[in-house]
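For reference, the chains in residue letters:
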Amino acid sequence: MSNDSNLFLTEKPEGEDVLPLYEGKLIHHYDHRFNTFLSTGGDAPYRQVEVSEKNDSSFELSPRYWVKSCHVFNNLPKHLKSAPAYFIGFRKTCRATDNRTLITSFVPYTAASDKLQLIFSNQPTKLLSCLVANANSIPLDYIVRQKLGGTDLTYLYMRQFPFLPPSAYTEADIAYISSRVLELSYTSYSMRPLAEALGYTGEPFPWDEDRRAQLKAELDAYYAKLYGLTRDELAYILDPTTKYPTDCPTVTFPTLQNNELKKYGEYRTQRLVLAAFDELTRQGI
């Protein structure tokens, strides 16, 4: 990437209308502030954003480059009548060392590199929140891992994944999903347009790791229900050793499982998702 064309600016110019250049590594599930750069241009180093910074709703990441907003607007899809208030982006690069494969998030209206692939749609925001939740769900990620070859997750792959269509959602489904996506996504003021599009005018939600883990587990369990999975099938997706305890052919999410065992002393995602599934079953969902 070069700034010779004056497209990528290494410094934010005074008085210029510019936007940060978001890259795939800067986001994670429902998180538009996952990593931040320490300097600008070239092979600038970056680091993970601290929890204390995420709890500051005015904190925003520092990009490696800036782009004039006119360049972003002029390259929007023609079917968009105006500049959107936010984008949906997913990481193009998928590494074996990542906890998950398909990593998607709402991001502010911004410039995006080719490593942050954008999804455009004229669907209502609440349905788009279902699309993001579907993309981030463990049931879909399981299929993505079977399908993907190599490290590039391109639009060609995305068109082949079994996303649920808008017609699959009832009003109750949309309310359940969108309220949780709102809380997970609206953590800084830059995402206020998304919150308002979802009908919420309050302050950004605090970054509570335990609360976020619970909300994600509830969404994972809900999508297991929407896909028609049984509890045993969901348990197998989370950890095949539940079915093959002594001679397991594979591990579905090895990095996620190992990281949680080190950090929490348990495979926390497995426990939370199955508990959420049981609660939905108890409620008759």
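Bear in mind that the values here come from a model prediction, so they are computed numbers and not experimental data.

Draft legend 1. Spotlight on the environment of N258. Mapped onto the fold, N258 is located in helix α10 (residues 254–264). For the pair N258 and V132, spaced 126 residues apart in sequence, the C-alpha to C-alpha distance is 26 Å.

Draft legend 2. View of the nonpolar core. Residues F106, Y169 and I177 are the most contacted members of the largest nonpolar core, which totals 45 residues. Breaking this core down by element, the ones donating at least two residues are β5 (86–91), α3 (125–136), α6 (171–185), α7 (192–197), α8 (209–226), α9 (231–238) and α11 (268–282). Considering every element that reaches this core, the biggest residue donor is α8, with eight residues. The contact partners of F106, leaving out residues within four places of it in the chain, are H32, Y86, F87, I88, L128, S129, V132, V181, S185, M191 and L194. Core analysis: the second largest hydrophobic core is formed by twelve residues, Y22, I27, A44 and L80 among them.

Draft legend 3. Quick peek at the pairing of β5. Counting buried positions along β5 yields six of six residues, so the element is predominantly enclosed. Side chains Y86, I88 and F90 of β5 all project onto a buried face; the interleaved residues F87, G89 and R91 project onto the opposite face, where all are buried too. Where β5 and strand β8 (residues 116–119) come together, four bridges link them in antiparallel fashion. Pairing of F90 across the sheet is with Q117, part of β8.

Draft legend 4. Local environment of the sheet that holds strand β1 (residues 18–22). Pairing within the open sheet is mixed, and its three strands lie in the order β4-β1-β7. For this open sheet the edge positions go to β4 (66–68) and β7 (111–112), each flanked by a neighbour on one side alone. In the sheet, β1 pairs with β7 via two bridges, with the strands oriented parallel. The residue of β7 that forms the bridge with L21 is A111.

About the cut-offs
Residues numbered from 1 in each chain as written. Predicted model: local features only at pLDDT ≥ 70, side-chain atom pairs only at ≥ 80, totals over all residues. Heavy atoms only, no water. Helix = DSSP H or I, 4+ residues; strand = E, 2+ residues; numbered from the N terminus. Core = buried A, V, L, I, M, F, W, Y, C linked by side-chain atoms within 4.5 Å. Buried < 20%, exposed > 50% of the residue type's maximum accessible area, 1.4 Å probe, protein only. Contact = heavy atoms within 4.5 Å. Pairing = 2+ DSSP bridges.

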